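# Descriptive structure summary
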Amino acid sequence: MSGDGRPPALELIDVRAGYGRIDVLHGLTLSVPRGTVLALLGPNGAGKSTTVQIAGGRLVPRSGCLHVAGNHVNGASPGRLAKAGVCTIPEGRGIFPNLTVDENLWVMTNATRRARADVRDRALTFFPRLAEKRTQLAGTLSGGEQQMLAMSRALTTDPELLILDEVSLGLAPLIVKELYEAVAHLTTLGIAILVVEQFADTALAVADVAAIMGHGRIKAIGAPSAIAEQLSSAYLGGAA
Amino acid sequence: MRGVRRLGVLVLLALVAAACGTTLNDQQASVELRKDAGSGGQVVAGGGGGTASGGVGAGSAGDTGSASGDTVAAGDASTAAGADTASGATGASDASGGAAAGGSGGGGATATTQPTGTARRHISSGGATDVGVTPSEIRVGWVGTITGPQPGLFRGALIGTQAWANYQNSQGGLMGRKITVVSGDDALDSGKNRAAYLQLKDKVFSFVGSFSINDDGGATVVNDCHCPDVSGNLSTAMQSSPYHYGPQPQPLGWRTGPAHYFAQKYGKAVIEKLAFFYSQVGAAIPLAEQNRRVYEQAGFKVVYSRGVPPNDNNQTADVVQMQRAGVKAIAFQGDLTALSKLVNAMRQQNFKVDLLNIGNSIYDSNTFKVTSADALQNAQIDQVYAMFLGEDGARIPEVKLFNDWMKKTDPNQPVDLFSMYGWLSGRLFADAMNKMADAGRNPVRTDLVDTLKTWGTWDGYGMVAPVQIGAKKPSDCWFIFTVTRDSKFARAFPAGDKNYECGYGPFSYKP
Amino acid sequence: MQTFFAFTVVGIVTGAIYAVAASGLVVTYTTSGIFNFAHGAIGMFMAFLYWELRIHHHWPAPIALVVVVLVLSPMLGALIERVLMRKLTNAPVAVSMVVTLALLVILLGVATSIWSPGEGRRLPAFFAGDDVTIAGVRVTYHELITLAIAVMTAIGLRVLLFRTRIGVTMRAVVDNRDLAGLNGVLPERVASLSWALGAALAAIAGILIAPSITLNHTLLTLLVVNGYAAAMLGRLRSLPLTFVGALVLGLAQSYLIGYGGNVTLGSFRLIDAAQVVPTVFLFLIVVFLPQVRLTAGRVVSAIEPNVPSLRASLAWSGVFLVAMTLLSTTMSDFWLFNTSTALVLGLVMLSLVLLSGFAGHISLMQMTFVGLGAITAGRIVGTGSIWSVLAAGLLSAALGAAVALPALRLQPLYLALTTLAVALLGDWAFNQSWGFSGIGGTLTIARLHLPGVRFASEQSQLVLLTAAFCLFGVFVLWIRRGPFGRRLTAVRDSPVAASMLGLNLVATKTAVFALSAGMAGVAGALYGGLRSTVSPNDFIFLQSLFVFLVASFGGLTTVIGALFGGAFLALVPELQKHVPVDSIQYLGIGIGAIALAGNPHGFGGSMSEAGTRLREKLAARRDRQQVTVPTERPPAVVAS
């Protein structure tokens, strides 16, 4: 799937993984080329979150390969992957509630060469709403503000690959819209993005490619419009 | 604080050391000592005479002037009766053999010449007369603390016992047989103490020199197998065993002499401002209570007292309290660590008292490693055994003999209280065995126990203030040492040649 | 007033040292999630190392300090993190506790081997002899330095955690370790740093306190228990509260000594309680401070060892009893006694199998129950009679229930700390000459006699204890198989789920604590009888710690593991006599516990697994044989 001859930003080849004795992924193969937004959809329990965990280094595959920008990175820790340009915005609030907004931004500098002030300026430029709350504990921000703070990492640390895990969950549509504007901005920079959403519409709107997961495998992959048609059957259990 | 416990152990030891030392009973000692030096040398005859007459105390005249001689006299005055009985008994048994007593009679002066030399006296028909005895060997058992939380804790006692055995063997052994020491380790645990006694009880003739604060474990074994045990005891259980006899009996009580002496010397102004410290370790408390009682009966008034837990680090608070209470005298029964913490804190706060009787745990080769001499000024410490670290080497030949053999046996083992007990236990055992030999008897356990049971006064050739072995009566005698500015221990009272003072009051048992 | 001021100064200085010690504990705990029981041991070790350089090798103080505090301690801390703790990141609390407790024991063992406790050592105070007088109290330079260091530690930590990226990152790791990773943080580096920092703070505390309590292995190690109490006030997270806690503790101790001398309660003087102030403080805080909600728990292990059927356990018991009886005729008194000791310690281990293995509660006070049992049997009821044994069980069970009740809602770590606090209180109470008398502080306990039978000889003791072990073993397995056992497992694996299923957590936990304590109490009565004499030393916290660690690697879930643990505890000291290493027992227990930390079923589990496999293999063979030679009967052993 390499569009320009360079290796894809993310590649999973025949990955099997799971927790304890339970396997969740049964030979997943997936590739996200550079500059592409891939929407990964599927019902609960299909293995989306596990896929995100594998890609972020939080879970090590039992077998199969994990490639990031062509490098074999099985077993690399999340920190190493983050330094290598994989930016995961996890499900829930991807912020440190007991640190101030400023401190949250400071921690982000672990993943980039940019200076602290640089990171702060970029984030605040994008989300001016955070500027007035710089010294406030992140845990006291509203849900939308927290997600903005989390998204700031994607905007300030120059990732090669961005993984968004259910970013819209529980947020007001207006906020979601604002967040996805940021995503759209990132696509213009040529960053590969893997969007995982249970509710597909927003994701499909920004995606170049979409895939449906079920039972630990990719069930279908194609243009967003084509995939949208298959969605209902997949969610209603037809994916098996 | 549990770890502390191990500490506690040390404390207890210290206490015990203090107490034991204490216990010696002069009279008896005197008696033994009495044998006149010459006879000691002659072994047989002299010894016999000495013993027999011991009770009388007359022998003292002939004495070389050893401390013991003096002691005796004093003792006689105050306590004569008990001593007499005991010695009478001894005398009788001695009479038959004569020789045995020689050894014991030696007293300080005699020690060197004295003839433990078994070869001559020995009579016993050869052969395996009892457990642990062969025609050429007598095995004795030693049980104490070598490993465990405090590795090497009582190794000194083992080396002391071994030093005695080496010395004894250099003199021809006992009853024509070589002495072999077989050791068992209790790792500071009474269960393992019991196990070690069980392991050795069928292999050795007698237990000699054992040292452990857990000897209550062994006591049950000794009682069951009727094995003689000649050693320094620490537990009440062992103390009360009819098969156990030690060089320093240690019943619950305290010597009264020093308290009266201090009362006279310092007067009301000082003694009515006493601070009393003791180690807050359960096992040590009863002894400390006795010590305190004796002080109070002598007129001391305790204005501040505290049980110091082993892990305590609040000595500065104690010093502040003492300053507030106007303390002029301090008594402390505890281990070296505890009391060095106190004197260091006192020094820090520049707090001085007139009388610092911080217990004879201070008499230790480690003392000046953990505290400095100027923190110990005004120290006046009463003690009931010779200054065995070497200071008494000139006046008490036994001290020198002991130190020499310690060095020959293990030059790396520091001489400590426990090694002295090991040595003394061996000496007592040898004396009893020789007495049996002189009586024409074989090494048989029951005979040994009988011999010890009827033994009168004994002073370890001046090494300890005289005690009554059979009656297990501690000594009334003691002396006082102090610390000099150049970090040395030195005798302070009684002056002159007298090794022990016996005149200020008897040993007082728990009422 | 001046006196009051004096005690205040003394208390503040003491508190300052606690504060330094406690802050190191907190730093380590928050960033790595591991409560470092070995914190004090590290401080002890470093204080000795400092003595070695400063006194023994005559290095100048500043150089020795820099080398120890800034080089060696951080290196040791980082090494510990790298070698031991990194593997524990996601391990159950119980496992990380075993490892740090084992580390404590190892450091103690190594230090005792290097620096023999028989030798006196003293660290001079800094600027010894120099002092200033404040309101009539001499305050030494050393004390001033101590204060200054505590203040500097507070400021330094504040700056580090709020004004540097690595510090903020550390806090981020505390907040959300996973997310920190996604931020490009390498949590293991942070953990290394925090362990290094924690070790350095431990070293400072050790070096500062050593001059006032002299160099003593155990004292220095345990001093940090005071730190635990202070840290607990800050719930192991808040440094400011930790400092407050330390100060309160120091002052409380000082005032108690200052003013408690005249306050008496019968023969008990308040001043004598000064040493248990930190323990009581710890207990109260743990029990009364609001707790974090119950955690969901995790699956300890995928495979539970096989639980034998009643028939099988009875059959094995019979075989064991007969074998031991036969064997007993060939053994010397010495080995009879040692084997009996192994069995009675095995009984204690069995009580832990029930409590820790099946129910998942950690107890660091098991020997306290044993001690209470022994005292009961020796003192309260006619010693030697069966009633004394029963009374021992009942009284210990009552204590168990009493400890469990307030501790029920606690998380594993807090529950463990509660038992630690109670064990220390027990140490103190046993030692207050309560229950023990005479010089040497021993208590004589008669051996059991039943109508018509006296278990007086060593041989009869062995048979008695074998029977007792079998009885308890069958009992424990019977419980495990029954409804109560299933309830225990459910509560262990997921308290939340269990309570949602309507299981009464309070009743379940109390019952299992009481049952286990009761077993330990009965074991105590038998233990006392076997030894004939006991002393407070036999039941100190350290013994409980040994029992717990050995049980952990013996196997907390199997009867055979308990037997192995008992044998290890009883027989290793025998081995020790033949090896030149002083502290082989410490090292053996420590290393064994660490090696098997990840395997909750320990040695016993491996044995059980091997047995199962063997049985399967035999069964397979039997099947084959039955096919080929259908008439042949399988050997009886296989059937059992």
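Analysis parameters
In this numbering scheme, every chain counts its residues from 1 along its sequence in written order. Lettering for chains starts from A, numbering for ligands starts from 1, and both go in the order in which the items are written. Only residues with pLDDT of at least 70 get local features here, since the model is predicted, and only at 80 or more are side-chain atom pairs given and counted; chain-wide, interface and lining totals rely on the full set of residues. Think of it this way: any DSSP run of H or I at least four residues long counts as a helix, any run of E at least two long counts as a strand, and we number them from the N terminus. Using C-alpha atoms as the atom set, the radius of gyration is obtained and then compared with a globule rule of 2.2 Å times the number of residues to the power 0.38. Remark: residues whose backbone-derived C-beta atoms lie within 7 Å of one another are considered to be in contact. The span you would expect from a helix comes to 1.5 Å times its residue count less one. Put plainly, a residue is buried at 20 or more neighbouring C-beta atoms within 10 Å of its own, exposed at 12 or fewer, and partly exposed in between, counting only other residues' C-beta atoms, which are placed from the backbone. Pairing between strands requires that DSSP locate at least two bridges from one strand to the other. Geometry is summarised by axes, namely lines fitted to C-alpha atoms with helices restricted to the contacting stretch, and by angles between N-to-C directions that run from 0 to 180 degrees. Each residue is assigned to one of three groups, with Ala, Val, Leu, Ile, Met, Phe, Trp, Tyr, Cys and Pro labelled nonpolar, Asp, Glu, Lys and Arg labelled charged, and all others, Gly among them, labelled polar. pLDDT is a per-residue confidence score from the predictor, ranging from 0 to 100. One nonpolar core equals one set of buried Ala, Val, Leu, Ile, Met, Phe, Trp, Tyr and Cys residues connected by C-beta atoms within 7 Å.

A separate point is the overall build of chain A. Secondary structure assignment for chain A yields eight helices and 10 strands. Compactness check: chain A gives a C-alpha radius of gyration of 17 Å against a globular reference of 18 Å for 240 residues, within 12% of the reference. Along the first, second and third principal axes, the C-alpha atoms of chain A reach 50 × 40 × 35 Å. Nonlocal contacts in chain A, meaning residues at least 24 apart in sequence, comprise 68% of its contacts between residues at least 6 apart.

Our next topic: helix 20 (residues 417–438) of chain B. Residue and element names in this part refer to chain B. End to end, helix 20 covers 31 Å across 22 residues, agreeing with the expected 32 Å (1.5 Å per residue, within 8%). Judged by how many residues are buried, helix 20 sits mostly within the fold: 22 of 22 residues are covered. The first or second residue beyond helix 20 is Gly-440, which carries a positive phi of 80°.

A separate point is the sheet that holds strand 15 (residues 489–493) of chain B. Residue and element names in this part refer to chain B. One open sheet holds the three strands; their spatial order is 11-14-15, and the pairing between them is antiparallel. At either end of the open sheet lies a strand with only one pairing partner, and these are strand 11 (381–383) and strand 15. Mean inter-strand twist for the sheet, computed between neighbouring axes without regard to direction, equals 45°. With three bridges joining them, strand 11 and strand 14 (residues 479–483) adopt antiparallel strand pairing. Paired with Ile-381 across the bridge in strand 14 is Phe-481.

Once that is clear, we can look at the interface of chain B and chain C. How big an interface is tends to be stated in terms of the accessible area lost upon association of its parts. Counting from both sides, the interface comprises 66 residues of chain B and, opposite them, 69 residues of chain C. With eight residues, the single largest contributor to the side of chain B that touches chain C is helix 1 (residues 2–23) of chain B. Split into classes, the residues belonging to the side of chain B that touches chain C amount to 25 nonpolar, 28 polar and 13 charged.

A few words on unusual backbone geometry. Residue Pro494(B) follows Phe493(B) across a cis peptide bond; omega there is -5°. Position of Pro494(B) among the secondary structure elements: in the loop between strand 15 and strand 16 (507–509). The phi dihedral of Ala69(A) falls on the positive side, at around 50°, and the residue is not glycine. Its place among the elements puts Ala69(A) in the loop between strand 4 (63–68) and strand 5 (71–72). Accessibility expressed as a C-beta count within 10 Å gives 18 for Ala69(A), which makes it partly exposed. Positive phi is not limited to glycine here, since Leu236(C) has a value of about 65°. Here Leu236(C) is to be found in the loop between helix 9 (217–233) and helix 10 (239–259).

Taken residue by residue, the interface counts 19 residues in chain C and 24 residues in chain A. Sorting the residues of the side of chain C that touches chain A by element identifies helix 6 (165–175) and helix 7 (177–182) of chain C as the ones contributing at least two each. Tallying contributions element by element places helix 6 of chain C first for the side of chain C that touches chain A, with six residues. The class makeup of the residues in the side of chain C that touches chain A is 10 nonpolar, five polar and four charged.

All right, on to the confidence of the model for chain A then. Mean pLDDT over chain A works out to 86, with 95% of the residues at or above the 70 mark. Mean pLDDT per element in chain A: helix 8 (residues 224–238) of chain A is the minimum at 73, and helix 3 (residues 101–108) of chain A is the maximum at 94.

It is worth spelling out the nonpolar core at this point. Counting residues in each nonpolar core, the largest one holds 424 residues, and the members touching the most others are Val195(A), Val20(C), Ala47(C), Leu347(C), Leu526(C) and Leu549(C). In terms of residue count, the dominant contributor to this core is helix 8 (residues 187–213) of chain C (18 residues). Beyond its immediate chain neighbours, meaning those up to four positions away, Leu526(C) contacts Val344(C), Leu347(C), Val389(C), Leu465(C) and Ala468(C).

Moving on, we come to the sheet that holds strand 3 (residues 206–208) of chain B. All names here are of chain B. Pairing is parallel in the open sheet, where five strands are placed in the order 2-1-3-4-5. Sheet topology places strand 2 (178–185) and strand 5 (244–245) at the edges, where each strand pairs with a single neighbour. One ladder, built from two bridges, connects strand 1 (residues 137–144) with strand 3; its direction is parallel. Residue pairing across strands places Val-140 opposite Ser-206, the latter belonging to strand 3.

This part covers the pairing of strand 14 of chain B. All names here are of chain B. Buried residues dominate strand 14, accounting for four of its five residues. Across four bridges, strand 14 lies against strand 15 in antiparallel orientation. Residue pairing for strand 15: Thr-482 is matched across the bridge by Ala-490. Taking the residues between adjacent antiparallel strands as the criterion, strand 14 and strand 15 are bridged by five residues, where Ser-487 takes a positive phi near 60°.

On to the environment of Tyr504(B). Residues and elements named next belong to chain B. Among the structural elements, Tyr-504 can be located in the loop between strand 15 and strand 16. Accessibility expressed as a C-beta count within 10 Å gives 21 for Tyr-504, which makes it buried. A C-alpha to C-alpha distance of 6.3 Å links Tyr-504 and Tyr-261, two positions 243 residues apart in sequence. In contact with Tyr-504, other than residues within four places in its own chain, are Gly-257, His-260 and Tyr-261.

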